[in-house]
Protein chains: 2
Amino acid sequence: MSEETSAELKRGLEGVLVAESSLSEIDGDEGRLVYRGYNIDDLARNASYEEVLYLLWHGELPTRALLDAFRGGMAAERELDPEVLNAIECLARADESPMAMIRTVTSMLSAYDPDAGDGDVQSIPANVRKGRRITAKLPTALAAFDRLRRGEEPVAPNPDLAHAANFLYMLNGEEPDDVAAKTFDMALVLHADHGLNASTFAAMVTASTLADLHSAVTSAVGTLSGALHGGANQNVMRMLLEVDESTKDPLRWVQDALAEGRRVAGFGHRVYNVKDPRARILSERSQALGEASGDEKWFRYSEAVEEFMLEEKRIAPNVDFYSASMYYQMGIPIDIYTPIFVISRVGGWIAHVMEQWKDNRLIRPRARYVGPEHREFVPVGER
Amino acid sequence: MSEETSAELKRGLEGVLVAESSLSEIDGDEGRLVYRGYNIDDLARNASYEEVLYLLWHGELPTRALLDAFRGGMAAERELDPEVLNAIECLARADESPMAMIRTVTSMLSAYDPDAGDGDVQSIPANVRKGRRITAKLPTALAAFDRLRRGEEPVAPNPDLAHAANFLYMLNGEEPDDVAAKTFDMALVLHADHGLNASTFAAMVTASTLADLHSAVTSAVGTLSGALHGGANQNVMRMLLEVDESTKDPLRWVQDALAEGRRVAGFGHRVYNVKDPRARILSERSQALGEASGDEKWFRYSEAVEEFMLEEKRIAPNVDFYSASMYYQMGIPIDIYTPIFVISRVGGWIAHVMEQWKDNRLIRPRARYVGPEHREFVPVGER
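Parameters at a glance
- Residues numbered from 1 in each chain as written.
- Chains lettered and ligands numbered in written order.
- Predicted model: local features only at pLDDT ≥ 70, side-chain atom pairs only at ≥ 80, totals over all residues.
- Heavy atoms only, no water.
- Helix = DSSP H or I, 4+ residues; strand = E, 2+ residues; numbered from the N terminus.
- Rg over C-alpha atoms; globule rule 2.2 N^0.38 Å.
- Buried < 20%, exposed > 50% of the residue type's maximum accessible area, 1.4 Å probe, protein only.
- Contact = heavy atoms within 4.5 Å.
- Areas by Shrake-Rupley, 256 points an atom, 1.4 Å probe, with all protein chains shown as cover.
- Lys, Arg positive; Asp, Glu negative; His and termini not counted.
- Charge placed at Lys NZ, Arg CZ, Asp CG, Glu CD.
- Axes fitted to C-alpha atoms, helices over the stretch in contact; angles between N-to-C directions.
- Parallel < 35°, antiparallel > 145°, perpendicular 65-115°, else oblique.
- Nonpolar A, V, L, I, M, F, W, Y, C, P; charged D, E, K, R; others polar.
- Salt bridge = Lys/Arg side-chain N within 4 Å of Asp/Glu carboxyl O.
- Pairing = 2+ DSSP bridges.
- Expected span 1.5 Å × (residues − 1).
- Least-squares fit on C-alpha atoms with pLDDT ≥ 70 in both.
- Buried area = accessible area lost by both parts, 1.4 Å probe.
- Polar contact = N/O pair within 3.5 Å; in protein donor to acceptor, adjacent residues only side chain to side chain.
- pLDDT = per-residue confidence, 0-100.
- Phe/Tyr/Trp six-rings, centres within 6.5 Å; stacked < 30°, edge-to-face > 60°.

Student: Talk me through the overall build of chain A; I want residue IDs and the actual numbers.
Tutor: Summing up its helical and strand segments, chain A has 17 helices and five strands in all. In summary, chain A has a C-alpha radius of gyration of 22 Å against a globular reference of 21 Å for 383 residues, a match within 12%. Oriented by its inertia axes, the alpha-carbon framework of chain A measures out at about 70 × 55 × 50 Å. Out of the 383 residues belonging to chain A, those deemed buried represent 64%. Considering only intrachain contacts with a sequence separation of at least 6, the fraction spanning at least 24 residues in chain A is 75%. Carbon and sulfur atoms make up 44% of the accessible area of chain A, which amounts to about 13,900 Å² in all. Charge-centre separation for chain A: the mean point of 41 positive side chains lies 3 Å from the mean point of 60 negative side chains.

Student: Pulling in residues and values, what's your account of the packing of helix α12 (residues 232-245) of chain A against helix α15 (residues 297-313) of chain A?
Tutor: All names here are of chain A. Interhelical geometry of α12 versus α15 gives an angle of 105 degrees and a closest axis separation of 10 Å. Of the possible angle classes, the one that applies to α12 and α15 is roughly perpendicular. Of the residues in α15, those in contact with Met237, Met239, Leu240, Leu241, Val243 and Asp244 of α12 are Lys297, Trp298, Tyr301, Ser302 and Val305. For the contact of α12 with α15, the per-class residue count stands at eight nonpolar, one polar and two charged.

Student: Now, about the pattern of salt bridges: what can you tell me, with residues and values included?
Tutor: All names here are of chain A. What the rule picks out here adds up to 54 salt bridges over all chains. Residues glutamate 25 and arginine 32 are paired through a salt bridge, measuring 3.9 Å at the closest nitrogen-oxygen approach. Owing to a relative accessible area of 24%, arginine 32 belongs among the partly exposed residues under this scheme. Residues joined by salt bridges that share partners form a network here, namely Glu77, Asp113, Asp115, Arg129, Arg133 and Lys137.

Student: So, the sheet that holds strand β4 (residues 38-39) of chain A: which residues are in play, and what are the values?
Tutor: Residues and elements named next belong to chain A. The strand order β2-β3-β4 describes an open sheet built from three strands, whose pairing is antiparallel. Both edges of this open sheet fall to β2 (24-27) and β4, since each of them pairs with a single strand only. As paired elements, strand β3 (residues 32-35) and β4 share two bridges and run antiparallel to each other. Directly across from valine 34, in β4, lies its bridge partner asparagine 39.

Student: Go over α15 of chain A with me, naming the residues and quoting the values.
Tutor: All names here are of chain A. Over its 17 residues, α15 extends 23 Å from the first C-alpha to the last, a length consistent with the 24 Å expected when each residue adds 1.5 Å. Buried within α15 we find Trp298, Phe299, Tyr301, Ser302, Ala304, Val305, Glu306, Phe308 and Met309. Those residues of α15 that are buried lie in contact with α12, α13 (250-259), α14 (277-293) and α16 (319-329). In the segment just after α15, arginine 314 is the residue with positive phi, at about 55 degrees.

Student: So, the relation of the copies chain B and chain A: which residues are in play, and what are the values?
Tutor: The second copy of the chain is related to the first by a rotation about an axis and a shift along the axis. Placing chain B over chain A gives an RMSD of 0.1 Å and needs a rotation angle of 180 degrees, together with 0.0 Å of translation along the axis. Viewed as a symmetry operation, the transformation between the two copies matches a two-fold axis. For chain B, the residue whose C-alpha comes nearest the rotation axis is serine 219 of chain B, separated from it by 2.1 Å. The share of interface residues of chain B whose copies in chain A are also at the interface is 100%, consistent with both copies meeting through the same surface.

Student: Now, about the interface of chain B and chain A: what can you tell me, with residues and values included?
Tutor: Counting from both sides, the interface comprises 106 residues of chain B and, opposite them, 106 residues of chain A. Buried surface at the junction of chain B and chain A, summed over both partners, amounts to about 9,500 Å²; 55% is from carbon and sulfur atoms. Three residues stand out in chain B for area buried against chain A, namely Leu17, Arg364 and Arg375 of chain B, and they jointly supply 10% of the buried area on that side. Between aspartate 212 of chain A and arginine 103 of chain B there is a salt bridge; the shortest N-O distance is 3.6 Å. Along the contact surface separating chain B from chain A lie 58 residue pairs in polar contact (both at pLDDT 80 or more). Sort the elements by how many residues they give to the side of chain B that touches chain A and helix α11 (residues 213-224) of chain B lands first, with six residues. Its residues assigned to classes, the side of chain B that touches chain A shows 43 nonpolar, 32 polar and 31 charged. Pairing between strand β1 (residues 17-21) of chain A and strand β5 (residues 366-369) of chain B: four bridges, direction parallel. Across the sheet, residue serine 21 of chain A finds its bridge partner in β5 of chain B, namely tyrosine 369 of chain B.

Student: Which residues make up the sheet that holds strand β3 (residues 32-35) of chain B, and what values do they have?
Tutor: Residues and elements named next belong to chain B. Judged by pairing direction, the sheet is antiparallel, and its three strands sit side by side in the order β2-β3-β4 without closing on themselves. The open sheet is flanked by β2 (24-27) and β4 (38-39), the only strands paired with a single partner. When β2 meets β3, the two strands line up antiparallel, connected through four bridges. Among the inter-strand pairings, aspartate 27 is bridged to a residue of β3, identified as arginine 32.

Student: So what about the environment of aspartate 146 of chain B? Which residues, and what values?
Tutor: All names here are of chain B. Mapping aspartate 146 onto the fold places it in helix α7 (residues 124-149). The spacing of aspartate 146 and leucine 171 is 25 residues in sequence and 7.2 Å in space, taken between C-alpha atoms. In contact with aspartate 146, other than residues within four places in its own chain, are Leu171, Pro333 and Ile336. Separated by 2.8 Å, the side chains of aspartate 146 and arginine 150 make a polar contact.

Student: Quick one: what's the story with the confidence of the model for chain A, residue by residue and with numbers?
Tutor: Residues and elements named next belong to chain A. Chain-level pLDDT for chain A is 93 on average; 98% of the residues reach the 70-or-more range. Low pLDDT (under 50) marks residues 1-6, which in the prediction has 11 contacts with non-local residues, meaning those over four places away or in another chain. As scored by the predictor, the complex reaches a pTM of 0.95 and an ipTM of 0.95.

Student: Tell me about the environment of arginine 150 of chain A, and please be specific about residues and values.
Tutor: Locating arginine 150 of chain A in the fold gives a position in the loop between α7 (124-149) and α8 (163-172). Through-space distance from the C-alpha of arginine 150 of chain A to that of proline 62 of chain A is 39 Å; in sequence the pair is 88 residues apart.

Student: Which residues make up the packing of aromatic side chains, and what values do they have?
Tutor: By convention here, two paired aromatic rings are described through the distance between centres and the angle between planes. In total, this model carries 23 aromatic pairs over all chains according to the counting rule given. Ring geometry for phenylalanine 267 of chain A against phenylalanine 321 of chain A: centres 4.7 Å apart, planes inclined by 55 degrees, an arrangement best described as tilted. Placement of the pair is phenylalanine 267 of chain A in the loop between α13 and α14 and phenylalanine 321 of chain A in helix α16, with a sequence separation of 54 residues. The class for phenylalanine 267 of chain A is buried, based on a relative accessible area of 6%. Judged by its relative accessible area of 0%, phenylalanine 321 of chain A is buried. Ring geometry for tryptophan 298 of chain B versus tyrosine 328 of chain B: centroids 4.9 Å apart, planes at 70 degrees, classification edge-to-face. With tryptophan 298 of chain B in helix α15 (residues 297-313) and tyrosine 328 of chain B in helix α16 (residues 319-329), the pair connects residues that are 30 residues apart, well separated along the chain. Ring pairs connect the aromatic residues Phe167, Phe184, Tyr327 and Tyr337 of chain A, which therefore count as one cluster.

Structure, rendered in structure tokens:
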């Protein structure tokens, strides 16, 4: 075991290369994010979430005909099995957290998926179908859960609406205006993939044993629920609300918070050394929503906090920082910001799992044993 | 990004040290497995599963008084919430696979856990309580599911029985004899921990974002379901049944299978270069069960396959190889061998997660981008 004990400990696996991927490229020094060679700015401004899903899963942007077929196929899969809807009602009644609900529902969907079972778990056509179903159904589950816990009836999906607009429709019971629909679609595009973040890596570890797609995506949902990953945007908004409730200038508020040893959410990223390119686009949308409503305070608070952190701490905002004020201005409940991250990132998770299965290898690192050696067993009666 | 692109690719993370652990030590050359300094042979022969759980979670073997309190606390948590039992009934009706059912139930348990919620996810006392509940309830879920799909009513847990005996009682509706109870208890002890296998590592990746214990254990269950991990013992038994159905001598059967290019399940391990110490003990129990029933054929087939593989292929059996014939002789349905692995290993997963949270670090490796560079975006209408 000399190899093991002499090796260097890499607790966070920082800088460890575990895969080759054609899905997304992050240049942390330039602040550049690319999906399959396309710059995230171009995609967010010009492509729909469905188009980006197609790109991630199939490698190329679709023609109009392929896109229409893909969209139609996905829209046809939005309905939930009555048993799943029933479970969502139970979970709403039990006051389950939205992320735990999405984790349970993702896991439960396999029971009603015609492609689940003992077949070839690595089959690409079957996984594209499973992936399409999971991606189509999670927004329905989230909207239904949120309505049920508010005492409202779920709204059935409208197959004529695009993926992003349909979610807002199912959540609110009315069709969103174009600004809201476009903004939400952009948010879905911006969150769809981001290299080997912890949730994507968890999906890959699970998939590496040849566990099925539902298992891999369920692992990823659970992993995203942590405060160090997807949970950050909710903390950003709670902070902005505190800023608003205080009578302080936002700059002053941050200064005081830092002096008290508090962590300011939404800043810094293990990969980016400059401003996250997604934060750049989201801040534009946050500003646009403020201008449209005539109330720009959430954008102003965010901007003030960003400037302060950059000058004083030399750290830039990440993707969570501006999605917070953006979702808030769209009237979305704070505790579903992370589940909304799920309904976008699920596309990336599925793409990474399919990529890995093209040439799978079990992922199994080692631990160095540092516990006691050679203890003699003493029966319970003699302890 | 020069650091990234020049680094060596470690696709399976072989030999990469990601943690220090005091939980289990594997010496692959000596064929030795140790839990917190105690040899697995001593523990399997002399300690109950509850005792080993206490050891893994608290670091020391319990005194009689501590053990009684721990056992009693766990036995009191075996009952399922009626909504969970209801979901199990739905999943049985939908003909869900047992591993997917256990994954969904593990996830769903958080909704009914009084310690789940927005509190400190890293709290050791809360996690010991949550861990005790999860570990106590999963056997109840598995037994209920198996009975429901057979058209039988679930059997309520009996708090007077030990963890292992109570599972067999809930599964079969009658108390097991001492040989069966002891054998099953040994199997639970032998499977409880094994360094950073893929499922344990998945639990750690999930926990590293500060996702909660239910998320981490759910990831682990899904990961264990893969054919390259926990699924192997089911494949071993299916192979032994094929041997039995053929009219061939077992040796001949293996020879022919290998000549046809088939993979013989239950052999080889990334960590052990010699016989897995767990297989050694399980083979004794498999033989003992054969002797007790007067039908030793399953043990004989297994022994013949082992000898052949060792002589011809120089590979030794792993833990899955003898658990197969052992569970089969105990009358346990083949497709719940892997869920039985869950109801033991869950103790190890929980121990690893608590160990990691003492000094947490986000686990986030990198991928090398090998996709296309700088593609120009063309709107869908112009493609």
